[in-house]
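The primary structure of each chain is shown beneath.
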Amino acid sequence: MHIAEGVLSGPVLAAGFAVTVVGVGIGLKKLDFEQIAETGILAAAFFVASLVHVPIGPANVHLILNGIVGLLLGWAAFPAIATALLLQAVLFQFGGITSLGVNTAIMALPAIACHYLFAPLLWKSPKVAASAAFACGFMAVLLGAILLGGALFLSDENFLEVATIAVSAHIPVMVIEGFITLFCIGFLKKVRPEMLPGKPS
Amino acid sequence: MNKRFFLLLLLLFGWGFIHCAPADAHRVNVFAWVEGNTIYTTSKFSGGRVAQKSLIEVYDSRKNLLLSGHTDATGAFSFPIPKIDDLEIVLEAGTGHRGTWKINKNEIEAAQGDQPSEQKSPPSKPEQTRTTLTERSKPQDCLNVSGKSPETTAELEKFIEETISRTLDRKLHPLMVMIAETRNPKPGFREILGGLGYIFGLIGVAAYVHSRRKP
């Protein structure tokens, strides 16, 4: 889901940076001290997740983990994902420096959307909570793939075609991330429920 | 923090390390070289899978599109030299994946020099120089080579230079291909640990800044 250098047009790159700067700003402002360690650890997990290759289907895809990062961090997902992507661009040459803004927006916006959509459901009945956790991992990747299609479309490519390719290539990842999120949330609920957002006191 | 939570994280990172060996897409690499009048390209994802049916575009130094085509099932695509210029070969492997490779004008010219049939450097010229060389090899002439006819000496120098560079090109070519094949950069432990360390360092900085603010 990393867009390389030189693919996108100038305005799209600029818009990506604008969104990312605003998102990172909000994220850092909302980040309180207790959340710093959690943010860092999730940023590290996100950084490593891209190396986990999913060898299913025709395309080369990898884990993204933006769903669980967004679910646990909320707006702090923006700085976490931006940092991890910057390091991926510098160290792995995944994506690129100029496309960093767009790539961050593509992965962080769905993360935050999923936070607002699914975090309130985590403390409902176990079935609802489990479905919400799965849907969170699933939807974050799906929305990311659609945004990827959108970014490429704005730079002169056929939206439907690119989005279809991106979405279909990521279907295995969506399912796997759904299960990862489901497992992690179930685990955290038992072990460290205070890490989950919106815990009724 | 809970021990079990750390164990989970450790497992996740461990999984990442195990899987990073046959890594992934994110990057496509295109490599191109000249042989005679043809430019050959191969395209690969950074994990080693070939980029099939991907668009290749060739641009000159002024960014004009010269030609385009698609890679075959083995990721290969070749085309005749469209122009003697610095060429940029761009691979578009879809959904934002893109790789580039530059071929210098010199490389094209040198490779074309290999071809005797090429109209650019007709074979008559080196042969002429060669006869001058044999003529000049008489001892008395050799003494005043530089003084008598600088033009011929310059030609001779040029001939030697061309021959050497051509031979070197030919000898180095397989080596170059080999280097490019192994050059396929994959993130290693150093990069991964470096990145993780950087992130944990940032946590430290944030904690430090916070502790300074609230004594």
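Quick caveat, the model's predicted, so the values are computed rather than measured.

K.L.:
Go over the overall build of chain A with me, naming the residues and quoting the values.
P.N.:
Helix and strand counts for chain A come out as seven helices and two strands. The linear arrangement of helices and strands in chain A, starting from the amino end, is α-α-β-β-α-α-α-α-α. Its C-alpha radius of gyration of 16 Å places chain A within 12% of the 17 Å reference for a compact globule of 201 residues. Here the C-alpha coordinates of chain A stretch approximately 50 × 35 × 25 Å along the principal axes. Contacts in chain A between residues far apart in sequence, at least 24 positions, make up 75% of those at least 6 positions apart.

K.L.:
Lay out the pairing of strand β4 (residues 65–70) of chain B with the relevant residues and their values.
P.N.:
In summary, the side chains of a regular strand alternate between the two faces of the sheet. Residue and element names in this part refer to chain B. The buried fraction of β4 amounts to zero of the six residues, a small share that puts the element mostly on the outside. Pairing analysis gives five bridges linking strand β3 (residues 55–59) to β4, with the strands arranged antiparallel. Residue E57 lies in a different strand from β4, and its bridge partner there is S68. The turn joining β3 and β4, which pair antiparallel and follow one another in sequence, is formed by five residues; a positive phi near 65 degrees is taken by K63.

K.L.:
Go over unusual backbone geometry, please, and point to the residues and values.
P.N.:
One non-glycine residue, Q93 of chain A, lies in positive phi territory at about 55 degrees. When the 18 C-beta atoms within 10 Å are taken as the criterion, Q93 of chain A is described as partly exposed. Non-glycine residue K63 of chain B carries a positive phi angle of around 65 degrees. Residue classification places K63 of chain B among the exposed positions, given that 7 C-beta atoms sit within 10 Å.

K.L.:
Tell me about the sheet that holds β4 of chain B, and please be specific about residues and values.
P.N.:
Residue and element names in this part refer to chain B. Overall, antiparallel pairing links the four strands, which are arranged β4-β3-β6-β7 in an open sheet. In this open sheet, the two strands that pair with only one neighbour each are β4 and β7 (97–103). Shown here is a sheet whose adjacent strand axes are inclined to one another by a mean of 20 degrees, direction ignored.

K.L.:
Provide a residue-level description of the pairing of strand β2 (residues 38–45) of chain B, including the pertinent values.
P.N.:
Residues and elements named next belong to chain B. Most of β2 is tucked away, with six of its eight residues classed as buried. Inspection of the sheet shows strand β1 (residues 28–35) paired to β2 by eight bridges, in the antiparallel sense. Bridging from a neighbouring strand, F31 pairs with T42 of β2. Connecting β1 to the next strand, β2, in antiparallel fashion are two residues, including G36 with a positive phi near 65 degrees.

Reading guide: rules and limits
- Residues numbered from 1 in each chain as written.
- Chains lettered and ligands numbered in written order.
- Predicted model: local features only at pLDDT ≥ 70, side-chain atom pairs only at ≥ 80, totals over all residues.
- Helix = DSSP H or I, 4+ residues; strand = E, 2+ residues; numbered from the N terminus.
- Rg over C-alpha atoms; globule rule 2.2 N^0.38 Å.
- Contact = placed C-beta atoms within 7 Å.
- Buried ≥ 20, exposed ≤ 12 C-beta atoms within 10 Å, placed from the backbone.
- Pairing = 2+ DSSP bridges.
- Axes fitted to C-alpha atoms, helices over the stretch in contact; angles between N-to-C directions.

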